[in-house]
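If you want the building blocks of each chain, they are given just below.
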Amino acid sequence: INHPNNLEQAVFELVNWAKSHGKLQELINAVCHCEYGNPGNSQLKPFCQQYSRSQSTENKKWHLLNPCQFDLSQLVTESLNYLYHSNGNKLLGIAVPCNESDFPNYFCQRLIYKLRDTKIQYLKAPITINPRLSNINGLIYLIEKNIKSLQEFDIILRVQIDSCPENYKKLEQFWQEISNEKFQKNIKKRLIITMFCNERNIFPKTVEVIEGPKFQSGDVYDWVIEVARNLEWSNDVTQQWTKKFIDDCCYPNADSKKQLLDIQNVYFHIVRAIDILRTNTSETYFIENMLQMD
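Notes on the structure in this doc start here. (Residues numbered from 1 in each chain as written. Predicted model: local features only at pLDDT ≥ 70, side-chain atom pairs only at ≥ 80, totals over all residues. Heavy atoms only, no water.)

Okay, the overall build of the protein next. Within the protein, the secondary structure is distributed over 12 helices and 5 strands. The burial tally for the protein puts 40% of its 294 residues in the buried class. Look at the contacts in the protein between residues 6 or more apart in sequence, and 74% of them connect residues 24 or more apart. About 17,300 Å² of surface is accessible on the protein, with carbon and sulfur atoms providing 47% of the total. (Helix = DSSP H or I, 4+ residues; strand = E, 2+ residues; numbered from the N terminus. Buried < 20%, exposed > 50% of the residue type's maximum accessible area, 1.4 Å probe, protein only. Contact = heavy atoms within 4.5 Å. Areas by Shrake-Rupley, 256 points an atom, 1.4 Å probe, with all protein chains shown as cover.)

Dropping the structure here:
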């Protein structure tokens, strides 16, 4: 940017550059900084304040739309309770008898969000235990590669287990290997292993088992209303979306009182809603496209 005789053009190009590089908020913070910015500018200050408020609203909107925000509060609360009362243990195991769709990843994301005030890392690539796995040495190696990080950060690792009898011994062997005293002496922070399998009795006895998710129609009401309120949508669109959501995700012949929802369909619906909103956030555009969705 080089326009010594044209300040307006220089500012225009600077703002465009900041937008294209995702640094607009940093630029605004800089020009309002009390030491090297221009905080006394009577026109600039209201703009900065308004922009910050709009960004806060925008961030909240997309945060609410994240699938990990859909009805996992009870599961995460139980997990946090276990972690907070771990008595200084460096190896912690949390098991959930559910390995459906993207639930394991969204559960870990929500847990990470709740633990955001601590120094923590999430290893997004999961460890998978299935019949094709000949031995667990490779799994142990994956953990050992992160020994250095465990000197400074807590780490959450996701383990997903196929539901078959031969995997029980593999999981038990894996847990015993990382539970040994020699391994734990090499780490200073916590290694939090989250395990997911559709069979409850496959988990090692020393891990904390919490109940799997049970999505119901009431969860849809709560979530849709919260999202629609932040988007400032009408009650009519909110009600149409809620009905469409439940109709698409409800199990056939489900108990009308409980109306349990299919987990995979719930996440598919939310991801589809996000795709529509990224194109256009108007309620008319959204509901027209949503009602056409099979």
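Having seen it, we continue.
Glancing now at the sheet that holds strand E5 (residues 208-209). The parallel open sheet is built from 5 strands, whose spatial order is E2-E3-E4-E1-E5. Lying at the two open borders of the sheet, with one neighbouring strand each, are strand E2 (120-129) and E5. Sheet topology places strand E1 (residues 91-96) next to strand E4 (residues 191-196); 6 bridges connect them, and they run parallel. For alanine 95, the partnering residue across the bridge sits in E4 and is methionine 195. The sheet contacts of helix H6 (residues 137-144) involve E2, strand E3 (154-161) and E4, and relative to E2 the element is tilted by about 175°. (Pairing = 2+ DSSP bridges. Axes fitted to C-alpha atoms, helices over the stretch in contact; angles between N-to-C directions.)

For E3, the tally of buried residues reaches 8 of 8 residues, placing the bulk of the element in the interior. A two-sided burial pattern is seen for E3, the buried positions comprising Asp154, Ile156, Arg158 and Gln160 on one face and Ile155, Leu157, Val159 and Ile161 on the other. Strand direction decides the pairing type here: E2 and E3, joined by 7 bridges, are parallel. Bridge assignment links leucine 123 to a residue of E3, and that residue is leucine 157. In terms of handedness, the path from E2 via H6 over to E3 forms a crossover that is right-handed. By the bridge criterion, 6 bridges tie E3 to E4 in an arrangement that is parallel. Its bridge partner being in E4, glutamine 160 is matched across the sheet by phenylalanine 196. (Right-handed = clockwise from strand over helix to strand, strands pointing away.)

In this section: the pattern of salt bridges. Under the defined criterion, the tally for this structure stands at 6 salt bridges. Between lysine 119 and glutamate 152 there is a salt bridge, with its nearest N and O atoms 3.1 Å apart. Placement of lysine 119 in the loop between helix H5 (103-114) and E2 and of glutamate 152 in the loop between H6 and E3 is noted, with a sequence separation of 33 residues between them. Residue classification places glutamate 152 among the partly exposed positions, given a relative accessible area of 41%. (Salt bridge = Lys/Arg side-chain N within 4 Å of Asp/Glu carboxyl O.)

Quick look at the packing of H6 against helix H7 (residues 166-179) now. Look at H6 against H7: their axes get within 10 Å of each other, and the N-to-C directions meet at 35°. With respect to the hand of their crossing, H6 and H7 are arranged in right-handed fashion. Contact residues: H6 offers Leu139, Ile140 and Ile143, while H7 offers Phe174, Glu177 and Ile178. Considering only residue class, the contact of H6 with H7 consists of 5 nonpolar, no polar and 1 charged. (Left-handed = near helix turned anticlockwise from the far one by under 90°. Nonpolar A, V, L, I, M, F, W, Y, C, P; charged D, E, K, R; others polar.)

Bringing H6 into the picture now. Here H6 has its buried residues at Leu139, Ile140 and Ile143. Within H6, the buried residues cover an arc of 100° as seen down the axis, which keeps them to one side. The inward-facing, buried residues of H6 contact E2, E3, H7, helix H8 (181-185) and E4. (Arc of directions from axis to C-beta.)

Moving on to the nonpolar core. Phe103, Phe107, Ile156, Trp223, Trp241 and Phe245 are the most contacted members of the largest nonpolar core, which totals 53 residues. Looking at which element gives the most residues to this core, the answer is helix H11 (residues 263-279), with 8 residues. The residues contacting phenylalanine 103, other than those within four sequence positions of it, are Leu72, Leu75, Val96, Cys98, Phe196, Pro213, Ile263 and Tyr267. Ile147, Val159, Phe174 and Leu191 belong to the second-largest nonpolar core, a separate cluster that totals 28 residues. (Core = buried A, V, L, I, M, F, W, Y, C linked by side-chain atoms within 4.5 Å.)

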